[in-house]
Amino acid sequence: MNRKALIKEYPDYNKYVDNIFEAGQTHVFKWWNDISPPEKKRLLEQIASINFQFVRKLFNDSFKKTTQTTKGSLVPPQIITIPKNTSEKDVAQKARQIGEDALRKGEIAVLTVAGGHGTRLGADGPKGTLPIAPISSKSIFQLHAEKIRATQQKYQTCIPWYIMTSETNDLVTQTFFQTNQFFGLDPRQVCFFTQGMLPAVDFQGNLLMDSKSNIVMSPNGHGGTIIALKEKGILEDMERRGIKIIFYHQVDNVLIKIVDPVFIGYHLRDRAEMSLKVVKKCRPEEKVGVVVCINGSLHIVEYSELSRDEMYARNENGTLKYNAGSIAVHIISIDFLEKVHQKGEGLPYHAAVKKVSCLDGNGNIINPEKNNAIKFESFIFDVLKYVKKGVVMEVLREDEFSPVKNMEGENSPATARQDLINLFGRWLRSAGISIPTDSQGNVVGLIEISPCFALEEEELKSKIDKHLQFNGNLHL
Ligand code: UTP
């Protein structure tokens, strides 16, 4: 493609055309003569949105080995463990009261990150739209919405819900909410905003195209939330609504206890800036980030960054030493986020090697069987480096963590459905109802309890007919 001819045709894009020529990425014009004028315009718009120097830097940095500067100084964090006796239960109860007061005052907003592409799942449409409830097949979004609705009703409050999407799934996500009348929520309390995007590159650092006029762009990771909250005016909107803290979670965890008052209570009681929920790792090699303390501050160390010794280290009683697996459920104070923004530093980017569908040299789309591309993502938990005070609260995995990541096997829609059924089964059993299980402890049969019927075990106990006979299928 001739630089001068291009600039002559589109003089407004002069600067951006120069940028792409200087970056040596002109192969994106390979099919210029095959595409229509609107497609040309779109491609130039895309080029204008890319900071090529920054992408080059990210690519060069991706070859540098992550050095764990922290070696030797890792210690397990202080954790609020699951209450075992009456006095610990009293402490949790006090925390609950603090959290419930904050909910009644309308100081809490929910932030759901739903901008990811869900490539491992490979489903059509955003993950939140996936039908998941065991009997009604309600979507993940609907389950979250009903939890918010039920909590609002319980505490006579309003809980604004912010949903982060990305350019690729924003329209379909918003349309899904509109078509479903916002699942009974007031549309004014639901706010969508998009995160930033970065190009994916091949192993030589070249941009990839997935059509003759489209550069492959990827959302910039859940850490993109921090920038987007500020840039899209969301923090301001929250402050205008009197919000003090954000309850952050990922869209794909179907067991999420949205705005858990106990967790909120501990965060407020300890004047924390950011708090984290953790579960015990199910095995040393489990691929979850581990919450640790380094030089007195909290960090999440990726499983890949733990040395072998650290991964298998044990306490005297035989339990794993670094055992606090993060489930990506956080509370973040608004004041803290404002302070982070004042510092003006960004979060670091991590390079992820992935399979990305793209055009080959002949303009044919290929769906690679092996990893062929690098995506750049920032992680929300890297903001922990600014946290002076944080609470780490342990919860039971089977009660609060079941993410949908893959189409089959571990962390799939099937395991998520079974985990929901098993949770409801435990609630019913504790209410005195007999529920059969198989040799693996899974409930035999189908159970679904709507958040609008009961949000938690105690609520179910107070509502359920104790003489109920489970016949293998129960929908409340
Ligand atoms: P994952 O890292 O599991 O990514 O995101 P994903 O997109 O869901 O799935 P894969 O890795 O492509 O298979 C965990 C959570 O963070 C959100 C996702 O939507 C999910 O809720 N996320 C991830 C974003 O909001 N933006 C991103 O850029 C990445």
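These numbers come from a predicted model, not from an experiment.

J.: I'd love a proper account of the overall build of the protein, names of residues and values included.
T.: Scanning the protein for helices and strands turns up 15 helices and 20 strands. Residues counted as buried form 52% of the 476 residues belonging to the protein. Considering only contacts within the protein whose residues lie at least 6 apart along the sequence, 74% involve residues at least 24 apart. Summed over its atoms, the accessible surface of the protein is roughly 22,900 Å², and 48% of this surface lies on carbon and sulfur atoms. Looking at the protein, you have 60 positive and 56 negative side-chain charges, and the mean spots of the two groups are 2 Å apart.

J.: Please provide a residue-by-residue account of empty space enclosed by the protein, values included.
T.: Scanning the model with the defined rule gives one cavity of 30 Å³ or more in all. Of the voids in this model, the largest cavity is the one considered here, and its volume is about 40 Å³. In terms of lining, the largest cavity is formed by His249, Gln250, Asp252, Asn253, Ile327, Ala328, Val329, Phe401 and Pro403. Contributions of two or more residues to the lining of the largest cavity are made by β9 (245-250) and β13 (324-333). With three residues, β13 is the single largest residue contributor to the lining of the largest cavity. Looking at the lining of the largest cavity, its residues break down into five nonpolar, three polar and one charged.

J.: How would you explain helix α5 (residues 86-104) if you had to name every residue and give the values?
T.: Over its 19 residues, α5 runs 26 Å from end to end, which matches the ideal 27 Å to within 8%, given 1.5 Å per residue. Every buried residue of α5 is accounted for by Ala92, Ala95, Arg96, Gly99, Glu100, Ala102 and Leu103. Buried residues in α5, looked at end-on, bunch into an arc of 155°, giving them a common side. The exposed residues of α5 that point more than 90 degrees off its buried face are Thr86 and Lys94. Each element contacted by the buried residues of α5 is listed here: β2 (108-113), α6 (140-155) and α10 (261-269). Gly106 lies just past α5 and shows a positive phi near 75°.

J.: So what about unusual backbone geometry? Which residues, and what values?
T.: With a phi angle near 50°, Gln156 is a residue other than glycine that sits in the positive phi range. With respect to the helices and strands, Gln156 occurs in the loop between α6 and β3 (161-165). With phi around 45°, Val259 is a residue other than glycine that occupies positive phi space.

J.: How would you sum up the packing of aromatic side chains? Please name residues and give values.
T.: As enumerated under the stated definition, the model contains 15 aromatic pairs in all. Their ring planes at 70° and their centres at 6.3 Å tell us that Tyr10 and Tyr13 sit as a pair that is edge-to-face. A ring pair is formed by Phe176 and Phe183, whose centres lie 5.8 Å apart and whose planes are at 55°; its orientation type is tilted. Its relative accessible area of 6% is what places Phe183 among the buried residues. Among the aromatic residues, ring-to-ring pairing joins Phe141, Trp161, Phe176, Phe177, Phe182, Phe183 and Phe192 into one connected group. Stacked on the ring of Phe453, the Lys or Arg Lys463 has its end atom at 5.4 Å from the ring centre.

J.: Which residues make up the site of the ligand, and what are the values?
T.: Every one of the 19 residues lining the ligand counts as a neighbour, but Thr119, Lys127, Gln195, Gly221 and Lys405 are closest to it. Within the backbone of Gly118, one N or O atom sits 2.8 Å away from an oxygen atom of the ligand. Contacts to the ligand include Gln195, whose side-chain N or O atom sits 2.7 Å from a nitrogen atom. In isolation the ligand offers 560 Å² of accessible surface; the protein chains occlude 91% of this area. In the shell around the ligand, the residues fall into five nonpolar, 10 polar and four charged.

J.: Any details on the pattern of salt bridges? Residues and values, ideally.
T.: One side chain can pair with another of opposite charge once the charged atoms of both are near each other. For the structure shown, the criterion picks out 29 salt bridges. With a shortest N-O distance of 3.8 Å, Lys40 and Glu9 are connected by a salt bridge. You can see Lys40 sitting in helix α3 (residues 37-48) and its partner Glu9 sitting in helix α1 (residues 3-9), a full 31 residues away along the chain. Among the ionic pairs, Lys405 bridges to Asp252, the shortest N-O distance being 2.8 Å. Here the residue Lys405 occupies a position in the loop between α13 (397-400) and α14 (413-430), and Asp252 occupies one in the loop between β9 and α10, the gap between them amounting to 153 residues. In the salt-bridge network here, residues are joined through shared partners; they are Arg96, Glu100, Lys154 and Glu456.

Quick notes on the rules
- Residues numbered from 1 in each chain as written.
- Predicted model: local features only at pLDDT ≥ 70, side-chain atom pairs only at ≥ 80, totals over all residues.
- Heavy atoms only, no water.
- Helix = DSSP H or I, 4+ residues; strand = E, 2+ residues; numbered from the N terminus.
- Buried < 20%, exposed > 50% of the residue type's maximum accessible area, 1.4 Å probe, protein only.
- Contact = heavy atoms within 4.5 Å.
- Areas by Shrake-Rupley, 256 points an atom, 1.4 Å probe, with all protein chains shown as cover.
- Lys, Arg positive; Asp, Glu negative; His and termini not counted.
- Charge placed at Lys NZ, Arg CZ, Asp CG, Glu CD.
- 1 Å grid on protein atoms, 1.4 Å probe; cavity = no way out; pocket = protein on both sides within 12 Å on 5 of 7 lines; lining within 4 Å.
- Points joined across faces, edges and corners; volume = space filled by probe spheres on them.
- Nonpolar A, V, L, I, M, F, W, Y, C, P; charged D, E, K, R; others polar.
- Expected span 1.5 Å × (residues − 1).
- Arc of directions from axis to C-beta.
- Phe/Tyr/Trp six-rings, centres within 6.5 Å; stacked < 30°, edge-to-face > 60°.
- Lys NZ or Arg CZ within 6 Å of the ring centre and 35° of its normal.
- Near = heavy atom within 4 Å.
- Polar contact = N/O pair within 3.5 Å; in protein donor to acceptor, adjacent residues only side chain to side chain.
- Salt bridge = Lys/Arg side-chain N within 4 Å of Asp/Glu carboxyl O.

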